[in-house]
Amino acid sequence: MAQPEAVTAAVIGAGLRGRFTYGGQALAHPDQLRIVAVAEPDAARRDAMAREHGLAAGALFDDWRELLARPRLADAAVVATSDTLHVAPALAALARGYHVLLEKPIAPEPVDCERVVGAAEKAGRILQIGHVLRHSAFYRRVHEIVTSGRLGRVWQIELEEHVGAWHMAHSFVRGRFRNREIAAPILLAKSCHDLDLLVWLAQSRPARVASFGRLSGYTKERAPQGAPERCTQGCPVQASCAHDAVRFYLGPGDTIAAGWPWSDVSPDPSREARRRGLETGPYGRCVYRCDNDVLDHQLVAVEFEDGLTASFSVHGFAAHESRVLRITGDQGELRGVLERGELELSRQGSFETEREQIPGSPLGHFGGDAGLVAHFVDVVRRDASQEVRVSGREALEGHLLGFAAERAREQGRVVECDGFRREIAAAAGA
Ligand SMILES: NC(=O)c1ccc[n+]([C@@H]2O[C@H](COP(=O)([O-])OP(=O)(O)OC[C@H]3O[C@@H](n4cnc5c(N)ncnc54)[C@H](O)[C@@H]3O)[C@@H](O)[C@H]2O)c1
């Protein structure tokens, strides 16, 4: 049988995700995905994409507007710009007739999320959100067990995301997702994967949500006495501080420092360049003296329409990055830790525990990056299927849960999800 053609894609935003994840997947699986055009203002990144994918000058653009002003150049557009720059290129790409693979979160505001999903539905194009974890082998196995009925009727789900303290400090205190002016709340910016998993595993719609959380640790009040603005300015607690930027960012050699998170400090990985980055850029700042307002611990409690109850908590002070789950049904219980690839299934009335080891590496999100691209390619090839058209709205459910939880937390009350959905749809003119 003849192999299907590779799906062609125009990449909008050739940063970490655009170039390395989606570009990388295209290079690793040329039978699935072929990059045929790129929009990226940074000349070095644009040129790198041109070299890596053999693109001629006519396929390179400084800005998404130029690329999308042209008649459609590919089957799909991969929108991998930063969080606040998703909506306009996604809407323009859908209007041009592209299927869209859009990075998460859809947008930092719920109304914009609804607008993008509504636009995809109106255009009859596939909208795939970058929820990579549901495409990892680990969570696919979890979903398979839950839907197989082996746990009986599932009534309770607990998910936890433990964000390593270094990661919290890098991205949500010093870095790109540190405050509401430049990024979505942490439930969206970091944990929209987990909320997506929750809705997917619950197989029901959220009905009511409550939430508590604060920014407690990374605040000016917690700054050690005498701590200067930057770790490079001779801090008295430098040796004992877990967040000393000098040790963390200048410690590794140039090869490791060429990768994330060090690449955020300086695109040039040399120690001199990284030191200059710490002296002048955001990553050298004392974690207690930043312009951050992102919560560092939060709890979400959800009641689903079918009576299932669930909790999700995000921990911003974790010693180790991990995601933990416990799912209980009336016949069994499933426990798991993503980073260890461990799943344990116990059934009521039995003292036996079944253990499974699911291989996977945190690089590439435990296979989720590759799984997401393979899934997207598959649904684009099966263009006409109704199933694929619902994926944008399904992704929206997890996002709306996060926004509703934020409202519940801010207002100190329980939010009814149905009313929240209707309000957002009306505001978006849907
Ligand atoms: N799915 C996941 O697990 C996952 C993981 C990490 C990041 N993300 C998300 O992916 C997105 C991209 O993240 P990143 O780390 O690659 O960011 P990045 O900053 O490395 O890349 C964004 C790129 O967009 C480019 N850009 C800016 N303006 C542009 C314009 N007008 N036209 C075209 N390109 C433009 C920038 O120059 C940059 O190269 C973010 O929304 C982020 O939250 C998702």
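To be clear, the structure that these remarks concern was listed above.
How each quantity is defined
Residues numbered from 1 in each chain as written. Predicted model: local features only at pLDDT ≥ 70, side-chain atom pairs only at ≥ 80, totals over all residues. Heavy atoms only, no water. Core = buried A, V, L, I, M, F, W, Y, C linked by side-chain atoms within 4.5 Å. Buried < 20%, exposed > 50% of the residue type's maximum accessible area, 1.4 Å probe, protein only. Contact = heavy atoms within 4.5 Å. Pairing = 2+ DSSP bridges. Helix = DSSP H or I, 4+ residues; strand = E, 2+ residues; numbered from the N terminus. Axes fitted to C-alpha atoms, helices over the stretch in contact; angles between N-to-C directions. Disulfide = S-S within 2.5 Å. Near = heavy atom within 4 Å. Polar contact = N/O pair within 3.5 Å; in protein donor to acceptor, adjacent residues only side chain to side chain. Areas by Shrake-Rupley, 256 points an atom, 1.4 Å probe, with all protein chains shown as cover. Nonpolar A, V, L, I, M, F, W, Y, C, P; charged D, E, K, R; others polar. Phe/Tyr/Trp six-rings, centres within 6.5 Å; stacked < 30°, edge-to-face > 60°. Lys NZ or Arg CZ within 6 Å of the ring centre and 35° of its normal.

Caption draft 1: Looking closely at the nonpolar core. Counting residues in hydrophobic clusters, the biggest one holds 119 residues, and the most contacted among them are Val142, Ile157 and Ile327. Setting aside residues no more than four positions away along its own chain, valine 142 makes contact with Leu201, Leu325, Ile327, Leu334 and Leu343. Among the nonpolar cores identified, the runner-up in size contains 10 residues, and Leu250, Ala257, Trp262 and Tyr283 belong to it.

Caption draft 2: How the structure looks around the sheet that holds strand 2 (residues 33-39). As summarised here, the arrangement of the 6 strands in space is 3-2-1-4-5-6, forming an open sheet in which the pairing is parallel. A strand with exactly one partner marks an edge of an open sheet, and here the two such strands are strand 3 (60-61) and strand 6 (127-129). Across 2 bridges, the pairing between strand 2 and strand 3 is parallel. Residue pairing in the sheet places alanine 39 in a bridge with phenylalanine 61 of strand 3. Sheet contacts for helix 4 (residues 87-95): strand 1 (7-12), strand 4 (76-79) and strand 5 (99-102); angle to strand 5, the most-contacted strand, approximately 160 degrees.

Caption draft 3: Inspection of the state of the cysteines at higher detail. Applying the stated criterion to the full structure yields 0 disulfides. Here cysteine 192 stays unpaired: no disulfide links it, and the sulfur of cysteine 113, its closest cysteine neighbor, is 9.2 Å away. Cysteine 241 carries a free sulfur, and the closest cysteine sulfur to it, the one in cysteine 231, is 6.3 Å from it.

Caption draft 4: Structural detail: the side chain of glutamine 25. Structurally, glutamine 25 can be placed in helix 1 (residues 16-28). In this structure glutamine 25 touches Phe20, Asp369, Ala370 and Val373, once residues within four positions along its chain are discounted.

Caption draft 5: The arrangement of the site of the ligand in detail. Around the ligand sit 25 residues, and of these Arg17, Glu40, Arg45, Asp83 and His86 come closest. Interatomic distance of 3.3 Å between a backbone N/O atom of threonine 81 and an oxygen atom of the ligand. Burial of the ligand by the surrounding chains reaches 85%, relative to a free accessible area of 860 Å². Split by residue class, the shell around the ligand holds 9 nonpolar, 8 polar and 8 charged.

Caption draft 6: Looking closely at the sheet that holds strand 9 (residues 297-304). A sheet is described by the order of its strands in space; here 9 strands give the open sequence 14-13-12-11-7-10-9-8-15, paired in mixed fashion. Of all the strands in the sheet, just strand 14 (353-357) and strand 15 (415-416) have a single pairing partner and so form its edges. The pairing of strand 12 (residues 332-337) with strand 13 (residues 342-347) spans 6 bridges and is antiparallel. Looking across to strand 13, one finds that leucine 334 is bridged to leucine 345.

Caption draft 7: Broad picture of the packing of aromatic side chains. Under the definition given, this model contains 8 aromatic pairs. The structure contains a cluster of three or more aromatic residues connected by ring pairs, namely Trp166, Phe248, Tyr249, Trp260, Trp262 and Tyr283. The ring of tryptophan 155 carries the charged tip of arginine 153 above its face, separated from the ring centre by 4.2 Å.

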